[in-house]
Amino acid sequence: MEETAQHRRGNRRIGIRRDNYVKLSLSDDEHALLLQAAKDQAMTLSGFAAHAALGVARQTLATSPDARQTLVALNDAVIALEHLGADLRTLPDPAPDQVRALLERAAAAVETLEDAGEAVVEHSRP
């Protein structure tokens with residue numbers, strides 16, 4: 001069996017038993033986001049989800065309703081821009097009204113990102 005570069009949360013043979021399971025229901029976009037974050041940290045998807053959830057529960061990962069809403073808004077805007085990019089790539093010969101609609105979607109996504117960015121800056125000031 002080939003060894004992967006992903007790290008588990010502990011050695012199963014000598015570590016703490018983890019016999020309890022938590023099922024997460026995620027959209028495809030949320031799953032992709034979580035999977036990428038886990039890969040970026042060289043962790044398994046389950047290990048990353050457990051690490052993040054336990055970090056919030058232990059209050060070692062900072063979170064608040066305002067910060068969470070801001071992060072959700074940023075994530076939603078990023079996803080919207082990704083979908084917009086995919087839509088733009090699939091248009092062989094777009095009509096002016098299609099271009100106008102896509103530009104309006106882009107402007108709305110950019111505005112959301114700008115608002116969320118301003119909220120993050122305000123939140124991070126002492």
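None of the values given here were measured: they were computed from a predicted structure.

What counts and what doesn't
Residues numbered from 1 in each chain as written. Predicted model: local features only at pLDDT ≥ 70, side-chain atom pairs only at ≥ 80, totals over all residues. Heavy atoms only, no water. Helix = DSSP H or I, 4+ residues; strand = E, 2+ residues; numbered from the N terminus. Buried < 20%, exposed > 50% of the residue type's maximum accessible area, 1.4 Å probe, protein only. Contact = heavy atoms within 4.5 Å. Expected span 1.5 Å × (residues − 1). Salt bridge = Lys/Arg side-chain N within 4 Å of Asp/Glu carboxyl O. Patch = residues over 30% accessible without salt bridge, like charges linked within 9 Å, V, L, I, M, F, W, Y side chains within 5 Å. Areas by Shrake-Rupley, 256 points an atom, 1.4 Å probe, with all protein chains shown as cover. Lys, Arg positive; Asp, Glu negative; His and termini not counted. Charge placed at Lys NZ, Arg CZ, Asp CG, Glu CD. Polar contact = N/O pair within 3.5 Å; in protein donor to acceptor, adjacent residues only side chain to side chain.

Engineer: Could you give an account of the overall build of the protein chain, naming the residues involved and the relevant values?
Structural biologist: Check the secondary structure of the protein chain and you find four helices and zero strands. The secondary structure elements of the protein chain, listed N-terminal to C-terminal, are α-α-α-α. Buried residues in the protein chain amount to 15% of all 126 residues. A fraction of 55% describes how many contacts in the protein chain between residues 6 or more apart in sequence connect residues 24 or more apart.

Engineer: I'd like a description of helix 1 (residues 28-40), backed by residues and values.
Structural biologist: Taking 1.5 Å per residue as the helical rise, helix 1 with its 13 residues ought to reach 18 Å, and the 18 Å between its terminal C-alpha atoms agrees with that figure. Once helix 1 finishes, Ala 42 follows within two positions and takes phi at roughly 55°, a positive value.

Engineer: Please provide a residue-by-residue account of the pattern of salt bridges, values included.
Structural biologist: For the coordinates displayed, the defined rule picks out one salt bridge. Between Arg 105 and Asp 87 there is a salt bridge, with its nearest N and O atoms 2.8 Å apart. Here the residue Arg 105 occupies a position in helix 4 (residues 96-124), and Asp 87 occupies one in helix 3 (residues 65-89), the gap between them amounting to 18 residues. The partly exposed category is assigned to Arg 105, whose relative accessible area is 39%. Accessibility expressed as a relative area gives 29% for Asp 87, which makes it partly exposed.

Engineer: If you had to explain a negative patch on the surface to someone new, which residues and values would you point to?
Structural biologist: Together, Asp 28, Asp 29, Glu 30, Asp 76 and Glu 82 give the surface a local cluster of negative charge. Elements supplying a minimum of two residues to the negative patch: helix 1 and helix 3. Broken down by element, the residue count for the negative patch peaks at three residues, all from helix 1.

Engineer: Please set out the side chain of Thr 44 residue by residue, giving values where relevant.
Structural biologist: With respect to the element layout, Thr 44 can be found in the loop between helix 1 and helix 2 (45-57). Looking at Thr 44, the relative accessible area reads 18%, which means it is buried. There is a polar contact of 3.0 Å between the side chain of Thr 44 and the backbone nitrogen of Gly 47.

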